[in-house]
Amino acid sequence: MLIDMKIKRSEIYAHVKSYEGTTCMDGFLGFIDSPVRDLRVIRMPNQRIRLKYIDQHNNIQRVDVGADEDEVIEFP
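Residues numbered from 1 in each chain as written. Predicted model: local features only at pLDDT ≥ 70, side-chain atom pairs only at ≥ 80, totals over all residues. Heavy atoms only, no water.

S.K.: What's the story with the sheet that holds strand S2 (residues 37–44) in this structure? I'm lost.
M.R.: Sheets are built from strands that pair by backbone hydrogen bonding, the pairs being arranged parallel or antiparallel. With antiparallel pairing, the 3 strands of this open sheet are ordered in space as S2-S3-S4. Bordering the open sheet on either side are S2 and strand S4 (60–66), each of which pairs with just one other strand. The average angle at which neighbouring strand axes cross in this sheet is 20°, direction not considered. With 7 bridges joining them, strand S3 (residues 48–54) and S4 adopt antiparallel strand pairing. Considered in S4, the bridge of Arg50 is made with Asp64. (Pairing = 2+ DSSP bridges. Helix = DSSP H or I, 4+ residues; strand = E, 2+ residues; numbered from the N terminus. Axes fitted to C-alpha atoms, helices over the stretch in contact; angles between N-to-C directions.)

S.K.: Please clarify how empty space enclosed by the protein should be interpreted in this entry.
M.R.: Over the atoms, a rolling probe the size of a water molecule traces out where space has been left empty. According to the stated counting rule, one finds 1 cavity of 30 Å³ or more in the structure shown. When its volume is computed, the largest cavity comes out at roughly 30 Å³. Together, Ile12, His15, Val16, Phe28, Leu29, Phe31, Ile32, Leu39, Leu51 and Phe75 line the largest cavity. Broken down by element, the lining of the largest cavity gets its largest block of residues, 3 residues, from helix H1 (residues 9–18). (1 Å grid on protein atoms, 1.4 Å probe; cavity = no way out; pocket = protein on both sides within 12 Å on 5 of 7 lines; lining within 4 Å. Points joined across faces, edges and corners; volume = space filled by probe spheres on them.)

S.K.: Sorry, what's going on with the pattern of salt bridges here?
M.R.: If the charged atoms of two oppositely charged side chains come close together, the side chains can form a pair. Per the stated rule, a full pass over the model turns up 6 salt bridges. The closest approach of N and O atoms between Glu71 and Arg9, which form a salt bridge, is 2.9 Å. One end of the pair, Glu71, is in the loop between S4 and strand S5 (72–75); the other, Arg9, is in helix H1, and 62 residues separate them in sequence. Through salt bridges that share partners, Lys17, Glu20 and Arg43 make up one connected network. (Salt bridge = Lys/Arg side-chain N within 4 Å of Asp/Glu carboxyl O.)

S.K.: Help me understand the pairing of S3 in this model?
M.R.: Where a strand is regular, its side chains alternate between the two sheet faces. Bridge analysis of S2 against S3 gives 6 bridges, and the strand direction is antiparallel. When the bridges of S3 are listed, Val41 appears paired with Leu51. A loop of 3 residues connects S2 with S3, the two strands running antiparallel in sequence, and Asn46 in this loop sits at a positive phi of about 60°. Taking the residues that link successive antiparallel strands as the turn, the S3-S4 hairpin has 5 residues, and the phi of Asn58 there is positive, at about 65°.

S.K.: What's the story with unusual backbone geometry in this structure? I'm lost.
M.R.: Where the residue is not glycine, phi is negative for most of them; where a peptide bond is considered, it is trans in most cases. Backbone geometry at Asn46 places phi at a positive 60°, although glycine is not the residue there. Within the secondary structure, Asn46 sits in the loop between S2 and S3. With phi around 65°, Asn58 is a residue other than glycine that occupies positive phi space. The topology assignment puts Asn58 in the loop between S3 and S4.

Geometric descriptors of this kind do not, in isolation, establish any biological role.
Shown next as structure tokens:
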């Protein structure tokens, strides 16, 4: 059984933004301990990002993150 990690929404946002404009995605999912499939990064209004993916139990998950959000969440 895999355990979800705890991370701030702003840290996920910063990680995704650090890959913006690059063609090399090596390491993009390296910080996630659980298997995810079909990850999509969707730009939202007000400088927010939505991560949409299929988790290890074949459930569709969505996580919305922003730059100034200090809430700690379990991810994935």
